[in-house]
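# Architecture at a glance
What follows is the residue order along each chain.
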Amino acid sequence: MANAHKYVYLFSEGNGSMRELLGGKGANLAEMTNLGMPVPQGFTVTTEACTQYYNDGRQINDDIQAQIYEYLGKMEEICGKKFADPENPLLVSVRSGARASMPGMMDTILNLGLNDTVVEGLAKFTDNPRFAYDSYRRFIQMFSDVVMELTKKRFEEIIDEVKAEKGVTQDIDLDTDDMKRLVVLFKEFYKKEKGEDFPQDPKVQLMEAVKAVFRSWDNPRANVYRRMNEIPYDWGTAVNVQSMVFGNSGSNSGTGVAFTRNPATGEKALFGEYLINAQGEDVVAGVRTPSPISKLHEEMPEVYDQFAAIANRLEQHYKDMQDMEFTIENGKLYMLQTRNGKRTAAAALKVAVDLVDEGMIDEQTAVCRVEPKQLDSLLHPQFDPEALKKAAVIGKGLAASPGAACGRVVFTAEDAKEWHDRGEKVILVRLETSPEDIEGMQVAQGILTVRGGMTSHAAVVARGMGTCCVSGCGEIVVDYDAKQFTLGGNTYHEGDWISLNGSTGNIYGEAIPTVPADPGSGYFGRLMGWADKYRQLKVYTNADTPRDAAQGRAFGAQGIGLCRTEHMFFEGERIKAMREMIVSDNTEDRKKALAKILPYQQGDFEGIYEAMEGLPVVIRFLDPPLHEFLPTKEEDIAEIAQEMGLTVEKLHNVISSLHEFNPMMGHRGCRLAVSYPEIAEMQTTAVINAAINVQKKHPDWTMVPEIMIPLVGEVKELKFVKDVVVKTADALIAASGLDMKYEVGTMIEIPRAALTADEIAKEAQFFSFGTNDLTQMTFGFSRDDAGKFLNAYYEHKIYESDPFAHLDQNGVGRLVKMAAKLGREARPDIHLGICGEHGGDPTSVEFCHGAGLDYVSCSPYRVPIARLAAAQAAIKNPRK
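First things first, this report covers the structure right here in the doc. Please read these numbers as outputs of a predicted model, since none were measured by experiment.

Secondary structure summary: the protein contains 35 helices and 33 strands in total. On C-alpha atoms alone, the protein measures out to a radius of gyration of 32 Å, which is about the 29 Å that the 2.2 N^0.38 rule sets for 880 residues. C-alpha extents for the protein along the principal axes are approximately 100 × 65 × 50 Å. Across the 880 residues that make up the protein, the buried fraction comes to 56%. Sequence separation of at least 24 residues holds for 69% of the intrachain contacts in the protein that already meet a minimum separation of 6. Entry remark: accessible area of the protein is about 35,700 Å², with carbon and sulfur atoms responsible for 49%. Each charge class in the protein can be summarised by its mean position, and for the 95 positive and 126 negative side chains these summaries are 3 Å apart.

The next subject is the pattern of salt bridges. Tallied over the entire structure, the rule returns 60 salt bridges. With a closest N to O distance of 3.4 Å, Lys191 and Asp197 form a salt bridge. Of the residues examined, Lys191 reaches a relative accessible area of 42% and is grouped as partly exposed. Residue classification places Asp197 among the exposed residues on the basis of a relative accessible area of 52%. Arg343 is the salt-bridge partner of Asp320, the closest N and O atoms lying 2.9 Å from each other. Linking Asp320 in the loop between α12 (301–318) and β11 (322–329) with Arg343 in the loop between β12 (332–340) and α13 (345–357), this pair joins segments that are 23 residues apart in sequence.

The subject of this paragraph is empty space enclosed by the protein. Summed over all chains, the structure comprises two cavities of 30 Å³ or more. The space that makes up the largest cavity amounts to roughly 110 Å³. In terms of lining residues, the largest cavity is bounded by 14 residues, among which Leu110, Met244, Val245, Thr327 and Leu336 are the most central. Those elements that provide at least two residues to the lining of the largest cavity are β5 (92–98) and β7 (237–243). Residue composition of the lining of the largest cavity, grouped by class: five nonpolar, eight polar and one charged. Size it by volume and the second largest cavity reaches roughly 70 Å³. Contributing to the lining of the second largest cavity are Phe621, Leu622, Gly669, Cys670, Leu672, Ala673, Ile679, Ala680, Gln683, Ile709, Pro710 and Val721. Listed by contribution, the elements that provide at least two residues to the lining of the second largest cavity are α26 (670–675) and α27 (677–697). Considering only residue class, the lining of the second largest cavity consists of 10 nonpolar, two polar and no charged.

Here the distance between the centres and the angle between the planes together describe a pair of aromatic rings. Counted under the stated rule, the structure contains 26 aromatic pairs. A centroid spacing of 5.4 Å and a plane angle of 45° characterise the contact between Tyr53 and Phe214, whose relative ring orientation is tilted. Here Tyr53 is found in helix α2 (residues 47–55), whereas its partner Phe214 is found in helix α8 (residues 202–216), with 161 residues between them in sequence. Pairing Phe779 with Tyr799 gives two aromatic rings, centres 5.6 Å apart and planes at 90°, and the pair type is edge-to-face. Residue Phe779 is found in helix α31 (residues 771–779), and its partner Tyr799 is found in the loop between α32 (783–795) and α33 (812–826); the two are separated by 20 residues along the sequence. Residue class for Phe779 comes out partly exposed when judged on its relative accessible area of 22%. The residue whose ring lies beneath Arg422 is Trp419, and the NZ or CZ to ring-centre distance is 4.8 Å. When the ring centre of Tyr233 is taken as origin, the NZ or CZ atom of Lys797, which lies over that ring, is 4.7 Å away.

Before going further, it helps to examine the layout of surface pockets. Space inside the second largest pocket adds up to approximately 710 Å³. Along the walls of the second largest pocket sit 29 residues, with Asp623, Arg668, Asp773, Gln776 and Arg783 positioned nearest its centre. Looking at the lining of the second largest pocket, the elements that each hand over two or more residues are β27 (560–564), α31 and α32. Per-element accounting of the lining of the second largest pocket gives the leading share, four residues, to α31.

Quick look at helix α23 (residues 587–612) now. Taking 1.5 Å per residue, 26 residues should reach 38 Å; α23 reaches 35 Å between its end C-alpha atoms and fits that length. At Ile597, α23 shows its largest kink, close to 35°, and the proline Pro599 lies no more than four residues downstream. Elements that come into contact with the buried residues of α23 comprise α21 (546–554), β27, α22 (572–583), β28 (617–620) and α27. Regarding α23, its N-cap is Asn586, as a side-chain oxygen of that residue lies 3.2 Å from the backbone nitrogen of Glu588 further along. Taken from the residues just after α23, Glu613 is the one with a positive phi, measuring 50°.

Let us look at the pairing of β27. For β27, a buried count of four out of five residues is recorded, marking the element as mostly surrounded by other parts of the structure. In the sheet, strand β26 (residues 538–542) pairs with β27 via two bridges, with the strands oriented parallel. Residue pairing in the sheet places Thr541 in a bridge with Ile560 of β27. Pairing geometry for β27 and β28, over three bridges, is parallel. By the bridge assignment for β28, Arg564 is matched with Arg620.

Let us look at the pairing of β12. With eight bridges connecting them, β11 and β12 associate as antiparallel partners. The residue bridging Asp323 from the neighbouring strand is Arg339, located in β12. In this antiparallel pair of consecutive strands, β11 and β12, the connection spans two residues, and Asn330 shows a positive phi of 45°.

A separate point is the sheet that holds strand β1 (residues 8–10). Spatial strand order, β1-β2-β7-β5-β6: five strands in an open sheet with antiparallel pairing. At either end of the open sheet lies a strand with only one pairing partner, and these are β1 and β6 (109–112). For this sheet, the mean inter-axis angle between neighbouring strands, taken without regard to orientation, is 25°. Note: β5 against β7, seven bridges, orientation antiparallel. Residue Val92 lies in a different strand from β7, and its bridge partner there is Ser243.

On the secondary structure map, Arg668 appears in the loop between α25 (648–658) and α26. Polar side-chain contacts of Arg668 include one of 2.6 Å to the side chain of Asp773.

Here we come to α33. Along its 15 residues, α33 runs 21 Å from first to last C-alpha, staying within 8% of the 21 Å computed at 1.5 Å per residue. What α33 keeps buried is the set Val812, Gly813, Leu815, Val816, Ala819, Ala820, Leu822 and Gly823. Where α33 is buried, its residues touch α29 (751–755), α30 (757–760), β31 (766–769), α31, β32 (831–834) and α34 (842–850).

This part is about the environment of Glu267. Structurally, Glu267 can be placed in the loop between β8 (254–259) and β9 (271–276). Along the chain, Glu267 and Lys350 lie 83 residues apart, while their C-alpha atoms are 7.7 Å from each other. Residue contacts for Glu267: discarding those within four places in its chain leaves Arg261, Asn262 and Lys350.

For Lys319, which is not glycine, the phi torsion reads 55° and is therefore positive. One can find Lys319 in the loop between α12 and β11. You can call Lys319 partly exposed: its relative accessible area is 37%. Despite not being glycine, Lys483 shows a phi value in the positive range, around 55°. Considering the arrangement of structural elements, one finds Lys483 in the loop between β20 (477–479) and β21 (484–487). The class of Lys483 is partly exposed, set by a relative accessible area of 29%.

About the cut-offs
Residues numbered from 1 in each chain as written. Predicted model: local features only at pLDDT ≥ 70, side-chain atom pairs only at ≥ 80, totals over all residues. Heavy atoms only, no water. Helix = DSSP H or I, 4+ residues; strand = E, 2+ residues; numbered from the N terminus. Rg over C-alpha atoms; globule rule 2.2 N^0.38 Å. Buried < 20%, exposed > 50% of the residue type's maximum accessible area, 1.4 Å probe, protein only. Contact = heavy atoms within 4.5 Å. Areas by Shrake-Rupley, 256 points an atom, 1.4 Å probe, with all protein chains shown as cover. Lys, Arg positive; Asp, Glu negative; His and termini not counted. Charge placed at Lys NZ, Arg CZ, Asp CG, Glu CD. Salt bridge = Lys/Arg side-chain N within 4 Å of Asp/Glu carboxyl O. 1 Å grid on protein atoms, 1.4 Å probe; cavity = no way out; pocket = protein on both sides within 12 Å on 5 of 7 lines; lining within 4 Å. Points joined across faces, edges and corners; volume = space filled by probe spheres on them. Nonpolar A, V, L, I, M, F, W, Y, C, P; charged D, E, K, R; others polar. Phe/Tyr/Trp six-rings, centres within 6.5 Å; stacked < 30°, edge-to-face > 60°. Lys NZ or Arg CZ within 6 Å of the ring centre and 35° of its normal. Expected span 1.5 Å × (residues − 1). Bend = angle between axes of the 7 residues up to and from the residue. Polar contact = N/O pair within 3.5 Å; in protein donor to acceptor, adjacent residues only side chain to side chain. Pairing = 2+ DSSP bridges. Axes fitted to C-alpha atoms, helices over the stretch in contact; angles between N-to-C directions.

Here it is in structure tokens:
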């Protein structure tokens, strides 16, 4: 054994820094053991064993099995109990624990080691037969569900049938004989489903349970969660085998979950809940609704004081808010786990800032404590206060995850997804959510559950996603089959509108309008101030209207990195003029039509320049193919032909002449300006005149218009369009008598432009990476169609995440780095930015920081996210 690879560690052999090997839970159990806290002892099977299991074709090899049994022996010595021994039985829990916390993704098995003889021994040993048989029926239920994949629902139904026969409603009212009966009924159901008896050998039970944990790393829920949170597949999960302590051994026992600070508000006070005479999964699964932790102070003052002291010590030790699970067995406290607690964005900001004020952490650590993606929820809507006053509350649950949600009722995750794909806003109503509901929870405006507390699956997952959630509204009666629920004497059917307030727990039986959030100052302002102090990337916004520009500025944007001019062509009078230009068959007529558009375009630019008060504004020239401006429906074609004084046939001919097989690679971007230089001439006139007017109005601003030519793939093409721009701009500036500078640059969105960036940089004063198109062209699949087949790629682990959501660093990223390097070599003062959707994605922002870009540009609501992500990148990895 001496030279074999070590796959198993006792809790006393590990420590908190070994997360990669022991997983988060195992490392924290080891750390608490080292701190001398009351942790039920056990061992951890490492993440390497999980990888090995998959490499061996989903088998646990003999070497790993031998080590598990060897450590089981060591555990027996530590605990003074023996596995499978009816006289003094050792029972264990088996839990998963990956490096990153993945709530509810991997299921727990408690009371493992029980069988028909051990249960009798346990009953004698504890002098508590009801407890022994309750533990056994729970074990059969969990083992069947988690390891053998039998349906949970049938077990719940059997319990309900036994309760109904007895005329009771609570599990607590079932006595020893009822528990024994449940064991018999459960085993009968098991045998009927599996064709064999429930396994009686505890060693077989243990090995099957370890396999089940490894297997669950690859279940669909885990894969969806990992994709959402960018957790690599190859990390694997560890398995923790821990000796059982029993919260269900009588009224002097219990189990609970608590946070050192309030996870919804960040307030510094113990927050949590517990159940007397229950096991851990009762609290987390939200099957019974628990009491607040403060009540423990009255029920068991010594235990409460000991727990409060441990909680405080853990927070001081980890220097962060902790989420802890504990069990009380006959008046003695045990700690089952601790981890940095999941929290809402508002709580994350308050905790980070408070910890700085308390002297526990420094500003840089505080900036790295807040998940950039979480800020989203702070920038999200609240109810319109006037409408809220008039609305009647029909029920109240727990305020599990803040925000305001208004949508149509659906009852399953599948329906939620289907309705959402049709463009409907939905609210998912469930008895309780479980991890298989994750995809429905992702698309819902809000989540409403009948059961479960503040620490139930629904609450934890919703808080992590920034989705509004109201949980534990017990007055609701749900009928899944009829797709309806009743509350407050009314019945609501699938498709009816309801509204939820996740900050108060109120439920409304109507649609209430929402208003945008105001993150304001306070904790948000202080933390974002620190972020701005440490980041090295500038953050711009993408904005096409003065309103978007103002919104971006309010969120801290330092300029506009992309102003798309085509959006300005789609309004009333303008689209008419645009269509006139498209149907013209000579330059003269085209120029006439463009002259009508000019004043509108110039007015738009003036509005945007005013909103930005002299900050940089990058304006992209016309990008989409011309057919996008023409009608497609027959009746529209007839109407527009009449308006334009054309025959329907003539308009049809124009439309069909513009038809393209692959418009994404068709006649668009700078190719339009090469065919029709008068378009570039008109747009340049609008940009330069707008800048001149604003400069004259505000002499203290320095206006430097930046004109961006899209879709360039060859330097001569850029030079052709740039010559038109320069000729037009120089004449206008000379006539104005101002000494105004301007810049002409290009989008890098065609792979050839990245490959020849050194040549292009001779003509371009800046590059902006259009990573949406660059991703499409590099992968060779279109963003609109890829969704249809990418799921198969995720299933087969070909891609781990959507390349349109997270920049593909290996391929597209290599082109970006190469173009940046070539561009800088050819023109040392070139500015480099990115303006695709990726500009607001935290991992992509980190990449841009590393690639040496000057700025990222993203939609207004993502500006705070990018500011924070840029600061975290600079703190982790400062530039020279």
